[in-house]
Amino acid sequence: MKFVNKSIFLSLSLATAMSGVSALESRPVISLELAKKMSNACEAKAKQEGWKMNIAIVNTGGQLIYFVHQDDSFLKSIEISQLKATTSASLPFSTKTIGEITKAIPGIAFVPGIVTFEGGLPIMTADGKQIGAIGVSGATAEQDGICAQAGLDAVKSELK
């Protein structure tokens, strides 16, 4: 009889614990495969245009998921591409938009690690959930932005 009571207790405890798990919100995450597709498209655009780029893709926490340093691209642009990506991951706006915001709120430009010029874009699902960001650096700011957008465009249909 004691065994049956313990079984019932364990079953009820497990059911209670599982009901709490189902109440948690699930969030989409960026996969390595998706990051590679974005990077490949961005790299292809850079090669087509003759740009030498550094491409960083991060998750929503700003942790690096994938990175490419093209031959002969600027070494300092390695850091800049990652800063662009982490800026757009932590503030779900393009770095270009953040630059425009700093015109009204100039203090933002002085926050360490915030980039305020083009080349960083948040990666959003179709229903508006952020899963990461891409940062590109190595050419002009405008060209960096074009290259980053090529990466997003390549996976648009997969961002469900």
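Above this note sits the structure.
I will try to describe carefully the structure that is included in this document. (Residues numbered from 1 in each chain as written. Predicted model: local features only at pLDDT ≥ 70, side-chain atom pairs only at ≥ 80, totals over all residues. Heavy atoms only, no water.)

## As for the nonpolar core
Logical step 1: By size, the foremost hydrophobic cluster in this structure holds 21 residues, and its most contacted members are Ile30, Met38, Ile123, Ile134 and Val136.
Logical step 2: Of all the secondary-structure elements, those providing two or more residues to this core are helix H2 (32–49), strand S1 (54–59), strand S3 (120–124), strand S4 (130–137) and helix H5 (141–154).
Logical step 3: Residue contributions to this core peak at five residues, all from H2. (Core = buried A, V, L, I, M, F, W, Y, C linked by side-chain atoms within 4.5 Å. Buried < 20%, exposed > 50% of the residue type's maximum accessible area, 1.4 Å probe, protein only. Helix = DSSP H or I, 4+ residues; strand = E, 2+ residues; numbered from the N terminus.)

## A short note on the sheet that holds strand S2 (residues 64–69)
Logical step 1: An order of S2-S1-S4-S3 is seen for the four strands of this open sheet, with the pairing classed as antiparallel. Looking along the sheet, the strands with just one partner apiece sit at the ends: S2 and S3. For this sheet, the mean inter-axis angle between neighbouring strands, taken without regard to orientation, is 15°.
Logical step 2: Contacts from H2 reach S1, S2, S3 and S4, with the element oriented near 25° to S2. (Pairing = 2+ DSSP bridges. Axes fitted to C-alpha atoms, helices over the stretch in contact; angles between N-to-C directions. Contact = heavy atoms within 4.5 Å.)

## Notes on the pattern of salt bridges
Logical step 1: Taken as a whole and judged by the stated rule, the model has six salt bridges.
Logical step 2: Between Glu158 and Lys37 there is a salt bridge, and its shortest N-O distance comes to 3.1 Å. Of the two residues, Glu158 is situated in the segment after H5 and Lys37 in helix H2; the sequence distance between them amounts to 121 residues.
Logical step 3: Notably, a salt bridge pairs Lys47 with Glu43, separated by 3.8 Å at the nearest N-O pair. Taken together, the residues span about one helical turn, with Lys47 and Glu43 both in helix H2 at a distance of four residues.
Logical step 4: Each of Glu33, Lys37 and Glu158 takes part in one network of salt bridges that share partners. (Salt bridge = Lys/Arg side-chain N within 4 Å of Asp/Glu carboxyl O.)

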